[in-house]
Amino acid sequence: MSVTNSKRIAKTRPKVEYELYGAKGTEKYRRNKAEDTDRVAALRVDAESPEEFVERAEALATAHGRRIEARSLIQSFESSEFDPNDPEAVQTVNDLGYEFAKKLHPNSDVLVITHVDGAGGHPHNHITVINHDNVTGRALQGNNMHWHVAKQNDELMREYGLRVAELGSRNVDQRSLWEHRREGEAVSEFDRQLGDQIEESLADRRSVDLASYRQVLAEKGIDLDEKVHTIKASADGSTQDHESIGWTYKALDTTGEKPRKRRRKASSLSEEFTHEGAQEIFKYNHERTVRHERLGQDRTAGVGGSTTQSGPVVDQHPIKHEPGLDGDASKRRGTRDRRAASSEQAGSHEHDQHGSHQRSARAAARRRLIDAIREGDARSVGGERDAERGLSH
């Protein structure tokens, strides 16, 4: 069973950077940047690289005078249906994401990045569709309403014999909404930073109960207050007296002119950050820790013929990467190691020249792409649409 979320994106680059490396300011982001790694479990892109995909999205928006560069979809699956520790299952999730995107927009370029590192480990796809139909030359015309997107997704699930989310049902995937909600217009910069830190803390393998979770949060300067409320029985007797546990997070807000402590109710950020939502994630983290310990014991005892990793490493679609939004860490490490073999001064000079040349080449390529797009549109649809696009020749 999968659920979806859809929205328009004005800037593609920060979105894709988050999907490749994590949220800026988090330990995950710093570690990925320092170690030349990424958070990608599987990837498919209608370009030579994520960087080229982003540059095309930017160039098309510039050439056509469009405010929206792309459409974003998130497609989430239950871990009971696709095991996040099985590379083949993860690749299947990625393939379903690509087919879903093409079902909605068959003539547009697509990037699908699959994650399994979020809180709870549920496999989910981040799908980016460039706001351009390569056949008509127009912006995307398809219905972006949630009901339409969900209907198309449900049809795809039925086609492959997968379960479909029931109307009004609430499951872990549907309430694990932070990655869906973090880019919303109503989300402040403080809320986004706080939510990213909370998500990273929940995804930490050490967070297996309230006490350990509080310790992980404290490392990031976040306090968690818990209050137990007694809910009275209803007058008609349909519900009995019961307790409700509320969580509130408190952290220093440095986004304004004057730093100050702010509080946010867990439910105002995401259902997965609440007491109820976190219990499932604690259970998952405990099971993951047990698996990791067993794996270590098996390796120590000599069980199994090769070294394995705690999570899936999927590279079913090898692609050529360029500097920038690059998901191929091994290629960057190889380049870095070769440079290190030369003298430090010479290596630094070559690096500066190489970087400068690449930036100039990329800027020139982007200008050529914008010009080619404009000239191509003029030939294919005529000058009568130039005024509509705000272009001059």
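Reading the values: the criteria
- Residues numbered from 1 in each chain as written.
- Predicted model: local features only at pLDDT ≥ 70, side-chain atom pairs only at ≥ 80, totals over all residues.
- Heavy atoms only, no water.
- Core = buried A, V, L, I, M, F, W, Y, C linked by side-chain atoms within 4.5 Å.
- Buried < 20%, exposed > 50% of the residue type's maximum accessible area, 1.4 Å probe, protein only.
- Helix = DSSP H or I, 4+ residues; strand = E, 2+ residues; numbered from the N terminus.
- Contact = heavy atoms within 4.5 Å.
- 1 Å grid on protein atoms, 1.4 Å probe; cavity = no way out; pocket = protein on both sides within 12 Å on 5 of 7 lines; lining within 4 Å.
- Points joined across faces, edges and corners; volume = space filled by probe spheres on them.
- Nonpolar A, V, L, I, M, F, W, Y, C, P; charged D, E, K, R; others polar.
- Pairing = 2+ DSSP bridges.
- Polar contact = N/O pair within 3.5 Å; in protein donor to acceptor, adjacent residues only side chain to side chain.
- Expected span 1.5 Å × (residues − 1).
- Phe/Tyr/Trp six-rings, centres within 6.5 Å; stacked < 30°, edge-to-face > 60°.
- Lys NZ or Arg CZ within 6 Å of the ring centre and 35° of its normal.
- Arc of directions from axis to C-beta.
- Axes fitted to C-alpha atoms, helices over the stretch in contact; angles between N-to-C directions.
- Salt bridge = Lys/Arg side-chain N within 4 Å of Asp/Glu carboxyl O.

**Structural notes on the nonpolar core**
Right, so step 1: Counting residues in hydrophobic clusters, the biggest one holds 20 residues, and the most contacted among them are Leu194, Ile198, Leu202, Tyr213, Trp247, Tyr249 and Phe273.
Right, so step 2: Sorting the residues of this core by element identifies helix 8 (189–203), helix 9 (210–219), strand 7 (242–253), helix 10 (266–269) and helix 11 (275–301) as the ones contributing at least two each.
Right, so step 3: Per-element tally for this core: the top contributor is helix 8, with four residues.
Right, so step 4: If we skip the residues at most four places from it in the chain, Phe273 touches Trp178, Gly195, Ile198, Glu199, Leu202, Trp247, Tyr249 and Ala266.
Right, so step 5: Formed by 19 residues, the second largest nonpolar core is a distinct cluster that contains Phe77, Ala89, Leu96 and Tyr98.

**Some words on the environment of Phe77**
Right, so step 1: Take Phe77: it is sitting in strand 3 (residues 70–77).
Right, so step 2: Overall, the relative accessible area of 0% leaves Phe77 in the buried class.
Right, so step 3: Between the C-alpha atom of Phe77 and that of Arg163, which follows or precedes it by 86 residues, the distance is 10.0 Å.

**A word on empty space enclosed by the protein**
Right, so step 1: For the coordinates displayed, the defined rule picks out four cavities of 30 Å³ or more.
Right, so step 2: Considering only enclosed or pocket space, the second largest cavity measures out at about 110 Å³ in volume.
Right, so step 3: Mapped onto the lining of the second largest cavity, the elements with two or more residues apiece are strand 1 (2–9), helix 1 (12–21), strand 3 and helix 7 (178–181).
Right, so step 4: Residue composition of the lining of the second largest cavity, by class: three nonpolar, four polar and six charged.

**Regarding the pairing of strand 3**
Right, so step 1: Buried residues dominate strand 3, accounting for eight of its eight residues.
Right, so step 2: Burial of the side chains of strand 3 extends over both faces: Ala70, Ser72, Ile74 and Ser76 are buried on one face and Arg71, Leu73, Gln75 and Phe77 on the other.
Right, so step 3: Bridge count between strand 3 and strand 5 (residues 124–130): seven bridges; the pairing is antiparallel. For Leu73, the partnering residue across the bridge sits in strand 5 and is Ile127.

**Quick notes on the side chain of Arg192**
Right, so step 1: Looking at where Arg192 falls in the secondary structure, it is placed in helix 8.
Right, so step 2: In terms of polar contacts, Arg192 uses its side chain to reach the backbone carbonyl oxygen of Arg182, at 2.7 Å.
Right, so step 3: Apart from the residues within four sequence positions on either side, Arg192 is in contact with Trp178, Arg182, Glu183, Gly184 and Val187.

**Thoughts on helix 4 (residues 87–104)**
Right, so step 1: Here helix 4 contains 18 residues, and its C-alpha end-to-end distance of 26 Å stays within 8% of the 26 Å for a straight helix at 1.5 Å per residue.
Right, so step 2: Of the positions making up helix 4, those classed as buried are Ala89, Val90, Gln91, Val93, Asn94, Leu96, Gly97, Tyr98, Phe100, Ala101 and Leu104.
Right, so step 3: If you check the start of helix 4, you find a side-chain oxygen 3.1 Å away from the backbone N of Glu88, and it comes from Asp86.

**Some details on the packing of aromatic side chains**
The description of two aromatic rings rests on the distance between their centres and on the angle between their planes.
Right, so step 1: This model, assessed by the stated rule, comprises four aromatic pairs.
Right, so step 2: With centroids separated by 5.3 Å and ring planes inclined at 85°, the aromatic side chains of Phe77 and Phe82 adopt a geometry described as edge-to-face.
Right, so step 3: Given a relative accessible area of 8%, Phe82 falls into the buried group.
Right, so step 4: One aromatic cluster is present, formed by Tyr213, Trp247 and Phe282 through successive ring pairs.
Right, so step 5: Over the face of the ring belonging to Tyr98 we find Arg44, whose NZ or CZ atom lies 3.8 Å from the ring centre.
Right, so step 6: The ring centre of Tyr18 lies 3.9 Å from the NZ or CZ of Arg182, which sits over that ring.

**Notes on helix 2 (residues 27–35)**
Right, so step 1: Looking at helix 2, one finds that the buried residues are Lys28, Tyr29 and Asn32. What you see down the axis of helix 2 is that its buried residues fit within an arc of 100°, all on one side.
Right, so step 2: Looking at the buried residues of helix 2, the elements they touch are helix 1 and helix 8.
Right, so step 3: In the stretch just after helix 2, Asp36 is the one whose phi turns positive, near 55°.

**Focus: the pairing of strand 8 (residues 260–265)**
Right, so step 1: Of the strand pairs in this sheet, strand 7 and strand 8 are connected by six bridges, and their pairing is antiparallel. Opposite Tyr249, over in strand 8, you have Arg264 as the bridge partner.
Right, so step 2: In this structure, the hairpin formed by strand 7 and strand 8 is closed by a connection of six residues.

**Things to note about the sheet that holds strand 6 (residues 223–231)**
Right, so step 1: Pairing is antiparallel in the open sheet, where three strands are placed in the order 6-7-8. Edge strands, defined here as strands with exactly one partner in the open sheet, are strand 6 and strand 8. Between one strand axis and the next, the sheet turns by 25° as a mean value, whatever way the strands run.
Right, so step 2: Together, strand 7 and strand 8 form the strand contacts of helix 8, whose direction differs from that of strand 7 by roughly 115°.

**Re the pattern of salt bridges**
Right, so step 1: Summed over the entire model, instances satisfying the criterion amount to 21 salt bridges.
Right, so step 2: Ionic pairing is found between Arg264 and Asp191, a salt bridge with its closest N-O pair at 2.6 Å. Note that Arg264 is positioned in strand 8 and Asp191 in helix 8, a separation of 73 residues in sequence.
Right, so step 3: Assessed through its relative accessible area of 13%, Asp191 is described here as buried.
Right, so step 4: For Asp225, the salt bridge goes to Arg263, with nearest N and O atoms at 3.2 Å. Pair noted here: Asp225 is in strand 6 and Arg263 is in strand 8, with a separation of 38 residues, a long-range link.
Right, so step 5: Residue Arg263 is classed as partly exposed on the basis of its relative accessible area, which comes to 43%.
Right, so step 6: Overlapping salt bridges bring together Arg13, Glu51 and Glu58 as one network.

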